Amino acid sequence: MLTGKRILLILSGGIAAFKCHDLIRRLRERGASVRCVMTPAATKFVTALSLQALSEDKVYSDLFSLTDESEMGHIELSREADLLVVAPASANILARMAQGLADDLATTVLLATDKAVLVAPAMNVRMWLHPATQANVETLRARGVAFIGPNEGAMACNEYGPGRMSEPLEIVAAIEAYFMGRLPASEPPSLISGPSVIRMAPETMGGAIAHRPLVGRRAIVTSGPTREAIDPVRYISNHSSGKQGHAIAGALAALGAEVTLVTGPVSVADPAGVKIVRVDSADDMLAACRAALPADIAICAAAVADWKVRNAAHGKLKKVPGAAPPALELVPNPDILATLSASGPQRPALVVGFAAETENVVANALAKRERKGCDWIVANDVSPATGTFGGDRNTVHLVTISGVEAWPTLAKDAVAEELARRVVRHFDKGGAAAAS
Ligand code: PMT
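Residues numbered from 1 in each chain as written. Predicted model: local features only at pLDDT ≥ 70, side-chain atom pairs only at ≥ 80, totals over all residues.

A short note on helix α14 (residues 361–372)
Turn by turn, an α-helix covers 3.6 residues, leaving residues three or four places apart pointing in a common direction. Taking 1.5 Å per residue as the helical rise, α14 with its 12 residues ought to reach 16 Å, and the 16 Å between its terminal C-alpha atoms agrees with that figure. Count one or two residues on from α14 and you reach Gly373, which has phi positive near 75°. (Helix = DSSP H or I, 4+ residues; strand = E, 2+ residues; numbered from the N terminus. Expected span 1.5 Å × (residues − 1).)

Printed below as a string of structure tokens:
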């Protein structure tokens, strides 16, 4: 399918450049010829010699080479190709392409070309998600540049997310699609179309923490369900077991924090080293949280009932044969998280809420963070199939002002430990509440 096609492969600097050996091999197997241009940075990762051996053609890198210019000028380099492929495309070369710079042979060729350009980005996930890079990508797409990838996965820099260069065979498929008249569809950059979500690999979680770094910090943690009385023997509640909230209280205490755990009725064991305040209703939970102020940290993991029964009966409601069942009038409960977030001078420096969602988890959590005025939201999917309520594991997104992280599925204890580590780092960085 690629027989006789001439590919000008432009390599910029990045560890993914090593994949170009395989890319050249695959293209040549399919009958294409490949000529390589390297940026100076690319020469730090792969050698011209290896590319030359695989492509069986001269490799170009010097804009000011008299010999090269006399043999093959930079204009001819692009004119003689059927397609230009930039792989790996670093954040730097994307920026230079978007700006129309021509400060080395690669960018000069790209500026001088009248041929189609296919770009395979490869960079650190945060560089890819940076608004500057996304704006450059958008500019290039608007000019007709096609993109393949980046893929999501573990990165050389020990992070996880979008930024890995597409695999050689994926790039080959995109090139074939181009020659069949189907250039790969440009997907809108994630940052522009919605919240950017950084996926955290299990191996990137954790990390060393100083011994008891939260000594001297006071924390309030809410946990478990609330019970809203209908009468002295009946109530409205939910399936929260307290496992997640209790684990958080224990994790903060293990790092030295002075923790008050305000908990609804649960049967899980009390975590070690925390002060426990047992409550039933949302009103009681709010009163207990207020009494525990001042605090540096508040983490609201309780599943607080949104409504209570107006005028709960003082005596047991009787079932009267033939009579209609009693009509319950519900009224809103106080919002403990919103109240703590707006508690003026007594506001904890870091207020963290949870969001229990069954659909649109991230979008709803982003809105909830704004609405409740807290600094972070830990969003979890509580659809029955997930088993989050009452189960031992949780899959969460951490939503802060700087973005959204998707954590892998972890034991609730591990979620708690990671969250406690984030709290430590937040205060290590000076506690710029909203920013981290
Ligand atoms: O207890 P487990 O079985 O381990 O399950 C854990 C959990 C699913 C209960 C927990 O991870 C969780 O998601 N807790 C929050 C449940 C909830 O009430 O979510 P929400 O989206 O309805 O509320 C948002 C936030 O506002 C929460 O921080 C909640 O504590 C708080 N809130 C809600 C209502 C209210 N009246 N006052 C509040 O403070």
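Moving on from the coordinates now.
Examining the nonpolar core
One recurring pattern in soluble globular proteins is that nonpolar side chains are buried together. Membership of the largest hydrophobic core comes to 60 residues, with the highest contact counts inside it found for Val221, Ile248 and Leu252. Aside from chain neighbours lying at most four places away, what touches Ile248 is Val221, Ile299, Ala301, Ala416 and Leu419. By size, the runner-up hydrophobic cluster in this structure holds 59 residues, among which are Ile24, Ile93, Val109 and Val119. (Core = buried A, V, L, I, M, F, W, Y, C linked by C-beta atoms within 7 Å. Buried ≥ 20, exposed ≤ 12 C-beta atoms within 10 Å, placed from the backbone. Contact = placed C-beta atoms within 7 Å.)

Things to note about the site of the ligand
Taken together, 30 residues form the shell around the ligand, and within it Ser241, Ile336, Gly353, Phe354 and Ala356 come nearest. At the level of elements, α11 (243–254), α13 (336–341) and β18 (350–357) are the ones that each hand at least two residues to the shell around the ligand. Sort the elements by how many residues they give to the shell around the ligand and β18 lands first, with 4 residues. Of the residues in the shell around the ligand, the class split is 13 nonpolar, 12 polar and 5 charged. (Near = placed C-beta within 6 Å. Nonpolar A, V, L, I, M, F, W, Y, C, P; charged D, E, K, R; others polar.)

Thoughts on helix α9 (residues 168–179)
Look at α9: 17 Å from first C-alpha to last across 12 residues, which is about the 16 Å you get at 1.5 Å a residue. Within the span of α9, buried status applies to Ile171, Val172, Ala174 and Ile175. Seen end-on, α9 carries its buried residues on one side only, within an arc spanning 160°. In the core, the buried residues of α9 are packed alongside β1 (6–11), α1 (19–29), β4 (83–89) and β5 (117–121). With its phi angle positive at about 85°, Gly181 sits one or two positions after the end of α9. (Arc of directions from axis to C-beta.)

Focus on unusual backbone geometry
The residue after Ala87, namely Pro88, is reached through a cis peptide bond having omega -5°. Cis rather than trans, the peptide bond between Leu293 and Pro294 has omega equal to 0°. Along the chain, Pro294 falls in the loop between α12 (282–292) and β15 (297–300). Its identity as a non-glycine residue notwithstanding, Asn311 has a phi of 55°, on the positive side. Relative to the assigned elements, Asn311 resides in the loop between β16 (307–309) and β17 (330–332). Since 8 C-beta atoms lie within 10 Å of it, Asn311 is described here as exposed. One non-glycine residue, Asn360, adopts positive backbone phi at about 45°. For Asn360, the location among the structural elements is in the loop between β18 and α14.

Here we look at the sheet that holds strand β6 (residues 146–147)
Across the sheet, which stays open at both edges, the 6 strands sit in the order β3-β2-β1-β4-β5-β6 with parallel pairing between neighbours. Looking at the sheet topology across the chains shown, the edges are occupied by β3 (59–60) and β6. Where β1 lies against β4, 4 bridges are found, and the strand directions are parallel. Residue pairing in the sheet places Ile7 in a bridge with Leu83 of β4. Where α9 meets the sheet, it contacts β1, β4 and β5, and its direction lies at approximately 160° from that of β4. (Pairing = 2+ DSSP bridges. Axes fitted to C-alpha atoms, helices over the stretch in contact; angles between N-to-C directions.)

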